[in-house]
Amino acid sequence: MLRIVVCVSGGGTNLQAILDAIEQGKITNTEVTAVISNNANARALERARLKGIPAILMSPKEYPDREAYHEALTAKVCDLAPDLVVLAGFLVRIPPQLVEKFSNRIINIHPSLIPSFCGVGYYGLKVHEKVLERGVKVTGATVHFVNEGMDEGPIISQRAVEVEENDTPEILQRRVMEEAEWVLLPKAIDDIANGRIRVVDNKVLRCG
Ligand code: GAR
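Presented here is an overview of the structure given in this document. What you see is a predicted model; the values in this text were computed from it and never measured.

### As for the overall build of the protein
So, step 1. Secondary structure summary: the protein contains six helices and nine strands in total.
So, step 2. The globule rule puts the C-alpha radius of gyration for 208 residues at 17 Å, and the 16 Å found for the protein is close to it.
So, step 3. Counting only C-alpha atoms and orienting by the principal axes, one finds that the protein spans roughly 45 × 45 × 35 Å.
So, step 4. Sorting the 208 residues of the protein into buried and exposed places 49% on the buried side.
So, step 5. Taking all contacts inside the protein whose residues are at least 6 apart in sequence as the whole, residues at least 24 apart take part in 62%.
So, step 6. Between the centroid of the 24 positive side chains of the protein and the centroid of its 27 negative side chains there is a distance of 2 Å.

See below:
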(Lines give C-alpha, C1' and ligand atoms only; values in the text may rest on other atoms or scores of the structure.)
Protein backbone atom coordinates (compact mmCIF):
# COMPACT_ATOMS: atom_id res chain seq x y z
CA MET A 1 0.00 0.00 0.00
CA LEU A 2 1.41 3.39 -1.08
CA ARG A 3 0.87 5.88 1.73
CA ILE A 4 0.65 9.41 0.37
CA VAL A 5 0.59 12.87 1.89
CA VAL A 6 -1.02 15.50 -0.34
CA CYS A 7 0.08 19.16 -0.02
CA VAL A 8 -2.40 21.83 -1.13
CA SER A 9 -2.94 25.60 -1.05
CA GLY A 10 -6.33 26.36 -2.54
CA GLY A 11 -9.41 24.87 -4.12
CA GLY A 12 -8.19 21.31 -3.97
CA THR A 13 -9.78 20.06 -7.18
CA ASN A 14 -6.71 17.92 -7.86
CA LEU A 15 -6.95 16.49 -4.35
CA GLN A 16 -10.60 15.73 -5.08
CA ALA A 17 -9.63 13.99 -8.33
CA ILE A 18 -7.23 11.78 -6.35
CA LEU A 19 -9.82 10.96 -3.67
CA ASP A 20 -12.47 10.18 -6.31
CA ALA A 21 -10.07 8.00 -8.29
CA ILE A 22 -9.22 5.99 -5.16
CA GLU A 23 -12.93 5.55 -4.42
CA GLN A 24 -13.63 4.47 -8.02
CA GLY A 25 -10.73 2.02 -8.07
CA LYS A 26 -8.84 4.01 -10.73
CA ILE A 27 -5.99 4.40 -8.25
CA THR A 28 -5.22 1.15 -6.44
CA ASN A 29 -2.91 0.18 -3.55
CA THR A 30 -2.99 3.76 -2.30
CA GLU A 31 -4.09 5.54 0.85
CA VAL A 32 -4.09 9.30 1.53
CA THR A 33 -2.85 9.45 5.12
CA ALA A 34 -2.85 13.25 5.53
CA VAL A 35 -3.37 16.54 3.73
CA ILE A 36 -1.17 19.55 4.52
CA SER A 37 -2.07 23.13 3.61
CA ASN A 38 -0.16 26.39 4.07
CA ASN A 39 -3.45 28.28 3.80
CA ALA A 40 -6.13 28.18 6.50
CA ASN A 41 -8.84 29.10 3.98
CA ALA A 42 -8.00 26.35 1.51
CA ARG A 43 -11.17 24.55 0.43
CA ALA A 44 -8.91 21.52 0.06
CA LEU A 45 -8.74 21.18 3.87
CA GLU A 46 -12.52 20.84 3.94
CA ARG A 47 -12.42 18.21 1.19
CA ALA A 48 -9.97 16.17 3.29
CA ARG A 49 -12.04 16.46 6.46
CA LEU A 50 -15.17 15.33 4.60
CA LYS A 51 -13.35 12.07 3.85
CA GLY A 52 -12.09 11.71 7.42
CA ILE A 53 -8.49 12.40 6.38
CA PRO A 54 -6.32 14.38 8.83
CA ALA A 55 -6.14 17.96 7.50
CA ILE A 56 -3.07 19.74 8.82
CA LEU A 57 -2.55 23.50 8.61
CA MET A 58 1.06 24.64 8.42
CA SER A 59 1.10 28.37 7.76
CA PRO A 60 4.42 30.19 7.23
CA LYS A 61 2.87 33.05 9.26
CA GLU A 62 3.21 30.95 12.40
CA TYR A 63 7.01 30.80 12.10
CA PRO A 64 9.62 33.54 12.65
CA ASP A 65 11.26 33.08 9.25
CA ARG A 66 11.37 30.89 6.16
CA GLU A 67 14.12 28.67 7.56
CA ALA A 68 12.03 27.84 10.65
CA TYR A 69 9.04 27.08 8.40
CA HIS A 70 11.16 24.82 6.20
CA GLU A 71 12.43 22.93 9.25
CA ALA A 72 8.91 22.50 10.65
CA LEU A 73 7.40 21.39 7.33
CA THR A 74 10.21 18.88 6.79
CA ALA A 75 9.83 17.54 10.34
CA LYS A 76 6.06 17.18 9.89
CA VAL A 77 6.37 15.25 6.64
CA CYS A 78 9.11 13.03 8.11
CA ASP A 79 6.85 12.38 11.08
CA LEU A 80 4.03 11.27 8.79
CA ALA A 81 6.54 9.03 6.95
CA PRO A 82 4.70 8.77 3.62
CA ASP A 83 5.95 6.69 0.70
CA LEU A 84 5.09 9.57 -1.64
CA VAL A 85 4.41 13.30 -1.25
CA VAL A 86 2.00 14.73 -3.82
CA LEU A 87 2.04 18.49 -4.48
CA ALA A 88 -1.48 19.15 -5.75
CA GLY A 89 -1.54 22.92 -6.15
CA PHE A 90 0.90 23.56 -3.29
CA LEU A 91 2.09 27.06 -4.04
CA VAL A 92 4.98 27.13 -1.60
CA ARG A 93 8.66 26.46 -2.37
CA ILE A 94 9.55 22.97 -1.15
CA PRO A 95 12.31 23.00 1.49
CA PRO A 96 15.60 21.76 -0.01
CA GLN A 97 16.09 19.44 2.98
CA LEU A 98 12.71 17.80 2.23
CA VAL A 99 13.67 17.29 -1.42
CA GLU A 100 16.91 15.68 -0.29
CA LYS A 101 15.19 13.36 2.18
CA PHE A 102 12.46 12.40 -0.30
CA SER A 103 14.50 12.09 -3.47
CA ASN A 104 12.22 10.85 -6.31
CA ARG A 105 9.40 10.51 -3.78
CA ILE A 106 7.77 13.92 -4.32
CA ILE A 107 5.62 14.62 -7.39
CA ASN A 108 4.07 17.88 -8.58
CA ILE A 109 1.33 18.82 -11.04
CA HIS A 110 2.08 21.94 -13.08
CA PRO A 111 -0.49 23.59 -15.39
CA SER A 112 1.65 23.91 -18.54
CA LEU A 113 3.78 21.82 -20.85
CA ILE A 114 7.14 22.04 -19.07
CA PRO A 115 9.64 23.54 -19.99
CA SER A 116 7.23 26.22 -21.23
CA PHE A 117 5.56 28.59 -18.79
CA CYS A 118 7.20 27.24 -15.63
CA GLY A 119 9.74 28.30 -13.01
CA VAL A 120 9.73 31.34 -10.73
CA GLY A 121 6.48 33.34 -10.92
CA TYR A 122 4.57 30.70 -12.88
CA TYR A 123 1.87 29.20 -10.69
CA GLY A 124 -1.90 28.84 -10.66
CA LEU A 125 -3.87 31.32 -12.76
CA LYS A 126 -0.70 33.30 -13.61
CA VAL A 127 0.42 30.48 -15.90
CA HIS A 128 -2.75 30.75 -17.97
CA GLU A 129 -2.53 34.57 -18.07
CA LYS A 130 0.99 34.29 -19.54
CA VAL A 131 -0.11 31.62 -22.01
CA LEU A 132 -2.85 33.92 -23.32
CA GLU A 133 -0.51 36.94 -23.36
CA ARG A 134 1.98 35.01 -25.50
CA GLY A 135 -0.74 33.75 -27.82
CA VAL A 136 0.35 30.10 -27.92
CA LYS A 137 -2.22 27.75 -29.44
CA VAL A 138 -1.49 24.66 -27.36
CA THR A 139 -0.86 24.43 -23.63
CA GLY A 140 -1.40 21.55 -21.19
CA ALA A 141 -0.21 20.06 -17.93
CA THR A 142 2.79 18.13 -16.63
CA VAL A 143 3.35 15.74 -13.74
CA HIS A 144 6.98 15.51 -12.65
CA PHE A 145 9.20 14.41 -9.81
CA VAL A 146 10.47 17.29 -7.71
CA ASN A 147 14.20 17.94 -7.51
CA GLU A 148 16.18 20.90 -6.17
CA GLY A 149 15.31 23.04 -9.25
CA MET A 150 12.02 24.81 -9.87
CA ASP A 151 9.79 22.63 -12.11
CA GLU A 152 12.94 20.87 -13.34
CA GLY A 153 12.61 17.28 -12.10
CA PRO A 154 12.11 14.20 -14.28
CA ILE A 155 8.85 14.36 -16.26
CA ILE A 156 6.34 11.56 -15.63
CA SER A 157 3.56 12.57 -18.01
CA GLN A 158 2.19 15.44 -20.08
CA ARG A 159 -1.03 16.13 -21.93
CA ALA A 160 -1.71 18.89 -24.46
CA VAL A 161 -4.81 21.11 -24.35
CA GLU A 162 -5.92 23.52 -27.10
CA VAL A 163 -6.17 27.23 -26.40
CA GLU A 164 -9.36 28.68 -27.87
CA GLU A 165 -9.94 32.13 -29.32
CA ASN A 166 -12.14 33.59 -26.60
CA ASP A 167 -10.44 32.00 -23.61
CA THR A 168 -10.06 33.92 -20.39
CA PRO A 169 -7.42 32.71 -17.90
CA GLU A 170 -10.22 31.18 -15.81
CA ILE A 171 -11.83 29.34 -18.75
CA LEU A 172 -8.46 28.04 -19.90
CA GLN A 173 -7.51 26.98 -16.37
CA ARG A 174 -10.71 24.97 -16.08
CA ARG A 175 -10.14 23.25 -19.47
CA VAL A 176 -6.54 22.36 -18.54
CA MET A 177 -7.76 20.90 -15.26
CA GLU A 178 -10.59 18.90 -16.81
CA GLU A 179 -8.75 17.60 -19.86
CA ALA A 180 -5.29 17.15 -18.39
CA GLU A 181 -4.64 17.62 -14.66
CA TRP A 182 -7.46 15.53 -13.21
CA VAL A 183 -6.48 12.67 -15.53
CA LEU A 184 -2.69 12.85 -15.33
CA LEU A 185 -2.22 13.17 -11.57
CA PRO A 186 -4.36 10.17 -10.50
CA LYS A 187 -2.78 8.07 -13.29
CA ALA A 188 0.75 8.99 -12.17
CA ILE A 189 -0.05 8.00 -8.58
CA ASP A 190 -1.53 4.69 -9.74
CA ASP A 191 1.57 4.04 -11.87
CA ILE A 192 3.85 4.70 -8.90
CA ALA A 193 1.70 2.65 -6.52
CA ASN A 194 1.85 -0.29 -8.89
CA GLY A 195 5.55 -0.07 -9.72
CA ARG A 196 5.09 0.89 -13.36
CA ILE A 197 7.63 3.70 -13.46
CA ARG A 198 11.20 4.26 -12.34
CA VAL A 199 13.75 7.03 -12.66
CA VAL A 200 16.96 6.32 -14.57
CA ASP A 201 19.51 9.05 -15.37
CA ASN A 202 17.04 11.79 -14.48
CA LYS A 203 14.40 10.41 -16.85
CA VAL A 204 11.24 8.46 -16.13
CA LEU A 205 11.02 5.04 -17.73
CA ARG A 206 7.91 2.87 -17.89
CA CYS A 207 8.26 -0.72 -16.82
CA GLY A 208 5.09 -2.62 -17.64
C1 GAR B 1 -3.65 23.62 -10.40
O2 GAR B 1 -3.94 24.16 -11.66
C3 GAR B 1 -2.19 23.19 -10.34
O4 GAR B 1 -1.71 22.66 -11.54
C5 GAR B 1 -1.52 24.49 -10.02
O6 GAR B 1 -2.36 25.09 -9.06
C7 GAR B 1 -3.73 24.70 -9.32
C8 GAR B 1 -4.34 24.19 -8.04
O9 GAR B 1 -5.71 23.90 -8.21
N10 GAR B 1 -0.18 24.28 -9.54
C11 GAR B 1 0.85 25.09 -9.83
O12 GAR B 1 0.72 26.11 -10.48
C13 GAR B 1 2.20 24.65 -9.31
N14 GAR B 1 3.27 25.41 -9.88
P15 GAR B 1 -6.50 22.97 -7.19
O16 GAR B 1 -6.20 23.49 -5.78
O17 GAR B 1 -7.94 23.15 -7.55
O18 GAR B 1 -6.02 21.55 -7.37
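### Looking at helix α1 (residues 13-23)
So, step 1. Listing the buried residues of α1 in full gives N14, L15, Q16, A17, I18, L19 and A21.
So, step 2. Contacts made by the buried residues of α1 are with β1 (2-8), β2 (30-37), α2 (43-50), β4 (84-87), β5 (106-110) and α6 (169-193).
So, step 3. A positive phi of about 75° marks G25, the residue just after α1.

### Some details on the layout of surface pockets
So, step 1. Taken as a whole, the largest pocket holds about 770 Å³ of empty space.
So, step 2. Every element with two or more residues in the lining of the largest pocket is listed here: α1, α4 (96-101), β5 and α6.
So, step 3. Considered class by class, the residues forming the lining of the largest pocket number 17 nonpolar, 17 polar and five charged.

### Here we look at the site of the ligand
So, step 1. Neighbouring the ligand are 15 residues; G12, T13, N14, G124 and E181 lie closest to it.
So, step 2. In the environment of the ligand, an oxygen atom lies 3.4 Å from a nitrogen or oxygen atom belonging to the backbone of G11.
So, step 3. At 2.7 Å, a backbone N or O of G12 approaches an oxygen atom of the ligand.
So, step 4. Surface burial for the ligand is 92%, taken as the share of its 460 Å² of free accessible area covered by protein chains.
So, step 5. Assessed atom by atom at 2 Å from the grid points, the ligand resides in the largest pocket.
So, step 6. Elements with a contribution of two residues or more to the shell around the ligand: α1, β5 and α6.
So, step 7. Grouping the constituent residues of the shell around the ligand by class yields six nonpolar, eight polar and one charged.

Parameters and conventions
Residues numbered from 1 in each chain as written. Predicted model: local features only at pLDDT ≥ 70, side-chain atom pairs only at ≥ 80, totals over all residues. Heavy atoms only, no water. Helix = DSSP H or I, 4+ residues; strand = E, 2+ residues; numbered from the N terminus. Rg over C-alpha atoms; globule rule 2.2 N^0.38 Å. Buried < 20%, exposed > 50% of the residue type's maximum accessible area, 1.4 Å probe, protein only. Contact = heavy atoms within 4.5 Å. Lys, Arg positive; Asp, Glu negative; His and termini not counted. Charge placed at Lys NZ, Arg CZ, Asp CG, Glu CD. 1 Å grid on protein atoms, 1.4 Å probe; cavity = no way out; pocket = protein on both sides within 12 Å on 5 of 7 lines; lining within 4 Å. Points joined across faces, edges and corners; volume = space filled by probe spheres on them. Nonpolar A, V, L, I, M, F, W, Y, C, P; charged D, E, K, R; others polar. Near = heavy atom within 4 Å. Polar contact = N/O pair within 3.5 Å; in protein donor to acceptor, adjacent residues only side chain to side chain. Areas by Shrake-Rupley, 256 points an atom, 1.4 Å probe, with all protein chains shown as cover. Sits in = over half its atoms within 2 Å of the grid points.

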